[in-house]
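# Chain and residue survey
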Number of protein chains: 2
Amino acid sequence: MQRILNLETKKHIGKKVKISGWVNSRRDHGGIVFFDLRDRTGILQVVCQEKLAQGIKDEYVLEIEGEMQKRPIKMVNSELETGEVELKAENIKILAQAETLPFDLRDLNVSLPTLLDFRPLTLRNKKIQAIFKIQGQMISSFRKSLKESGFTEFESPLIVPSNAEGGAEVFHIDYYGRHAYLSQSPQLYKQILVGVFERVFTVARVFRAEPSITTRHLSEYISLDAEMGFIESWEDVMDVCENVIKDIFSDLKKSCSKELRIHETSLPETRKIPRIKMREAQEIIFQRTKRDNRKEPDLEPEDEKEICSWAKEKHGSELIFITHYPAKKRPFYTYPDPQDPDYTLSFDLLFRGLEIVTGGQRINQEEELLKNIKKWKNQPKDFQFYLQAFKYGLPTEGGFAMGLERIIKQILGLGNVREASLFPRDMERIDQRLSLLQPKSKKTKLKKKK
Amino acid sequence: MQRILNLETKKHIGKKVKISGWVNSRRDHGGIVFFDLRDRTGILQVVCQEKLAQGIKDEYVLEIEGEMQKRPIKMVNSELETGEVELKAENIKILAQAETLPFDLRDLNVSLPTLLDFRPLTLRNKKIQAIFKIQGQMISSFRKSLKESGFTEFESPLIVPSNAEGGAEVFHIDYYGRHAYLSQSPQLYKQILVGVFERVFTVARVFRAEPSITTRHLSEYISLDAEMGFIESWEDVMDVCENVIKDIFSDLKKSCSKELRIHETSLPETRKIPRIKMREAQEIIFQRTKRDNRKEPDLEPEDEKEICSWAKEKHGSELIFITHYPAKKRPFYTYPDPQDPDYTLSFDLLFRGLEIVTGGQRINQEEELLKNIKKWKNQPKDFQFYLQAFKYGLPTEGGFAMGLERIIKQILGLGNVREASLFPRDMERIDQRLSLLQPKSKKTKLKKKK
C-alpha cells in the first residue's frame, strides 16, 4: 500500500490507507489511545486500542495502516490541519524509536542557549518550523522578483584572496600554506558581473568575525545581493529595492499566512516608502527627543528606532529609506553626491527600527576607484582583478544588499537574530557551545597541512 | 527617452529609440562605421557617420539615440540575434571607455591561465557566457524538480565545528582563536533536517583542500544536495535522482538550445538509466579490456570511461548507475547491504565517463551510527549534535549529491572543470595566481585576532 500524506487524508474517508510520521503527542483515555501524527504536510489524529500503542512515545516514527473516518465532531481551534478526519489504526509499525524528550516540544518554553543546543530537536516545533518556511518563501520571492526584472542569478565565490574592503572582522583561512579569507560580501564579484550580465543577483553567504555578542549580529549569515548597470539615476536602485521588498511582503501574505498567524504578526501595508536624507533624519530626531546627534556620521540604534516611529506617525509607513550617508562612513566604491561630495548617493532601508538593506550607486571609473582605494588605505594590487571590469568598460551602476535573518527577525518580532538562522554561528557557538568542544587558548596555532 | 533592449528593437522599426550596451566590434567602411552593440539580450548592428564614432573602440560602453531601420538584406548566419534591423545612430554618448583589449574577445583563443587571469573580461565572451546561462538553468531546474516532489530548500551552514567526516582535504579557519573548518558537504545538516521537513535539498557550497591540480577538482564548488525520509527502499533515492537529472536535461533542451548549439553539443536521450553493481561492472570491464581490477574497492577513472562505453553500446545510454560500493570505501553513515554487509546500498551516477552523482541509503539508528563512527576512527563527541536527530526518531532515509561543475564539464565537453566555475579556486589560484600576490612560505603563520 502506498503511503498517503496527512493533507490528502480527506479524500480517503471510508478507505484503507497507510500514513507515516512522528508522534506529536499521545493521549490515553481508558483503553483507547489518541495520537497526533505529524508529517511534512500537517497533523492527523490517530485512534487505536491501547495494546497497539504499547511503549510508543513522543517523536517515535510510525507507519500506520487503518481506516480513514469522518470525525464525529469537527474540532474547532484545534492544532490539527485535518480536523475533520481521523485514522482508526489497525496496524502500527515502529520505524524509529525516540528517547524521552528533555522538554515539551509542542509548548516550547526554553532559554535561547537550550533552544540552540537542541536545534535538531527544537526545529521540529511548529512555530520554529514556520520561521524557516518564511525564510524559504522570502528567498524564492527575491529570486522571482529580480528574474522578472531581467536579473541573472550567480553563485559568488566565498574564499577570497585578500581582506579587500578592510576591517578587522574577517576570518582567516589557511589556504595551502598561504593566507586567504572568508568573503565579507559578494560586492566585488557582483560589480564585475554587471560587465557581463548587466543585472545580477545572488543569495550569498557572508562571514563576519563579529567580536561581540549582540541580538542582531551573526558570524555567518545570508545576504540577498543585487547589482544593476545602465542606471539613469541612483534612485533607480532604490526603486528596484522597494519593488523587491514589496514583492517579498506580498508573496508572504499570500503563501505564509498560516506561519504569520502562528507568530501573531502581520506585514506592513505596501505603500510608497518615504525617503529622507540622513541629515534631515538627524534634525527630526533632535526635534523629537532633544538628543543632539546631528553631527554624528551615522545613525545609532536608538536613532533608527526614533526615525522609524516618526515614519509610522507621519507617513503611516513601517519602512523608511535614509539617504546620503557621509562618504567617510561608506565603502571606497560608493558614489559621491556631485552636489555635495562629502556625502554619497547611498541609502539604508530601515524596518521597524532596524537597518535591513544597504545600497547605492557605485563609482564606475577606474581612476576614481584607484584614488579611493589609496585614500581608504587599501592596496591597489589587491584590486587588480576587480579593476579589470572598469578598465574594459563598465556602465553607471548600483546595487543593494539585504540581511535576510534581520528582516525575518523584524517581521516576526523575534528577540534575537539567531532564532532566524537554522544553525546560527557566533563567537561562542558552532552548533554546540564551543567551550564544550575545545579549550580556548591564546596560543592556539592552526595546524599546517604537510 | 527610455532605453529599449536589443531584443525589443524589431517592434520599433521607423521610430526614434535609445539603446545602450558594449561595442562588441567596430568595422570602418569609407566614412561609414558599423558597430555590433551588445546588451544583455543580444547584439544589434549600429551604423553611423565616421565623425560620430571618433575614438570609439571595442568594449566602450555607449548610449545611442537614432532611428530603427529594417536592414536592406537580412543577414543570414550572422552573430546578430537582431539581423533584420539596424540602428541609424544620430547621437552617441560614451558612458565608459575601455583600454585596448589584450586579445580578440569575440574569437577567443587563449590558454586556460590567461582565460582565468582575465576572467572579468573573458566572461563577456558569448561562448563563455553560455556556460553560465546553462549553470543558472541547471540550478533552477534542480530546485523546481525537487519542490514539485515535496522537497523543502534550506541553506546549509559553511563554518563547521569539526573535521567530522575525516580526511585531510579540509580547510582550517581561525575562529575567534579556536579551530573551525570549511564545510566539505552539507551531509550532516541535511540528515538532521529530514527529521524536520522529511524531504530537503540545498544548493550548497563545498570546500576541498585538494592537494593536487587535476582537470576535475576544484577547491570550492557547488554541490546540489538532496535527502529524503520515509523511503521504502534505497532505490527510491535513485529514482528521485534519475528524475531530477531527466528534468534538468529536458529543461536545458527547452531553454538553452542556443547555448548548447554555441558549444556544438547535444544532450543524451532521457531513456531509463541502466543500473549495475560495481562487481558486475568490474567483471564487464575485465571481459572487455583484460585489465583485471576486479579486486579493487573502487573504479579508477579509466574504468569509469570503459563502463560508460559499455552502457552506450549495450543500452544506448550515456548515463549509468553503478551500485553496491564496498563499505570501507564509503562514509560511516552509508547503509550496509543486509544481504552482503561488506557492500552498501549506495550508488554513483556516471555520465560520459565521469562520476557526477553519489548517493545511497543512510544508517538511521543511533547505535549503528555510533558503532561506525568509532570504527571509522572519528570522535563520538564531534557527532553529539548530529546524533540528536537519531536519538529523537529519524525514519529510514537516503539522499544524493551532484557536482554541478562536473556535470557542466561533461555536457559541454569542456577540457577542464575550472571552465565551468565563474571564479575557480585551486591551490595555485584565487582569482589571480597566488604566486603574484604573496610568497609561499612553509613558515606562514595565520595572524591571530587581538
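Here is a short report on the structure shown in this document. (Residues numbered from 1 in each chain as written. Chains lettered and ligands numbered in written order. Predicted model: local features only at pLDDT ≥ 70, side-chain atom pairs only at ≥ 80, totals over all residues.)

## Section: the sheet that holds strand β9 (residues 178-182) of chain B
Read across the open sheet, the six strands follow the order β7(A)-β9(A)-β8(A)-β8(B)-β9(B)-β7(B); overall the sheet is antiparallel. Bordering the open sheet on either side are β7 (159-160) of chain A together with β7 (159-160) of chain B, each of which pairs with just one other strand. In this sheet, strand β9 (residues 178-182) of chain A lies alongside strand β8 (residues 172-175) of chain A in antiparallel orientation, the contact comprising four bridges. The partner of A:Asp174 across the bridge, within β9(A), is A:His179. (Pairing = 2+ DSSP bridges. Helix = DSSP H or I, 4+ residues; strand = E, 2+ residues; numbered from the N terminus.)

## Remarks on the environment of B:Glu155
Residue and element names in this part refer to chain B. The topology assignment puts Glu-155 in the loop between β6 (152-153) and β7. The exposure class assigned to Glu-155 is buried, which follows from the 23 C-beta atoms found within 10 Å. For the pair Glu-155 and Glu-296, spaced 141 residues apart in the sequence, the C-alpha separation amounts to 37 Å. (Buried ≥ 20, exposed ≤ 12 C-beta atoms within 10 Å, placed from the backbone.)

## A word on the pairing of strand β13 (residues 319-323) of chain B
Consecutive side chains along a regular strand alternate between the two faces of the sheet. Residue and element names in this part refer to chain B. Burial within β13 is extensive, with five of its five residues counted as buried. In β13, alternate side chains face the same way, and those of Leu-319, Phe-321 and Thr-323 on one face and Ile-320 and Ile-322 on the other are all buried. Bridge analysis of strand β12 (residues 275-277) against β13 gives three bridges, and the strand direction is parallel. Residue pairing in the sheet places Lys-277 in a bridge with Thr-323 of β13. Two elements, β13 and strand β16 (residues 346-351), share five bridges in a ladder whose sense is antiparallel.

## Here we look at the interface of chain B and chain A
Across the boundary between the two partners, chain B contributes 82 residues, which contact 82 residues of chain A. In this structure, β8(A) lies alongside strand β8 (residues 172-175) of chain B, joined through three bridges in antiparallel fashion. Note on β8(B): the bridge partner recorded for A:Asp174 is B:His172. (Contact = placed C-beta atoms within 7 Å.)

## Re helix α9 (residues 366-375) of chain A
All names here are of chain A. All buried positions along α9 are accounted for by Glu-366, Leu-369 and Ile-373. Down the axis of α9, the sector holding all buried residues measures 60°, keeping them to one side. Exposed positions of α9 whose direction lies more than 90 degrees from the buried face are Glu-367, Lys-374 and Lys-375. Residues of α9 that are buried make contact with α10 (384-391). (Arc of directions from axis to C-beta.)

## Brief notes about the relation of the copies chain B and chain A
Between the two copies, chain B and chain A, the superposition gives an RMSD of 0.0 Å; the rotation angle is 180° and the shift along the axis is 0.0 Å. What the rotation and shift describe, once combined, is the action of a two-fold rotation axis. No C-alpha of chain B approaches the rotation axis more nearly than that of B:Ile173, which lies at 2.3 Å. By residue overlap, the copies meet face to face through one surface: 100% of the interface positions of chain B are interface positions in chain A. (Least-squares fit on C-alpha atoms with pLDDT ≥ 70 in both.)

## Some points on the packing of helix α7 (residues 278-289) of chain B against helix α8 (residues 301-315) of chain B
All names here are of chain B. Closest axis-to-axis distance for the α7/α8 pair is 10 Å, and the angle between their directions is 85°. Here α7 is positioned roughly perpendicular relative to α8, judged by the angle of their axes. In this structure, α7 uses Ala-281, Ile-284, Ile-285, Arg-288 and Thr-289 to contact α8, whose residues at the interface are Asp-303, Glu-306, Ile-307 and Trp-310. In the contact of α7 with α8, the residues fall into five nonpolar, one polar and three charged. (Axes fitted to C-alpha atoms, helices over the stretch in contact; angles between N-to-C directions. Parallel < 35°, antiparallel > 145°, perpendicular 65-115°, else oblique. Nonpolar A, V, L, I, M, F, W, Y, C, P; charged D, E, K, R; others polar.)

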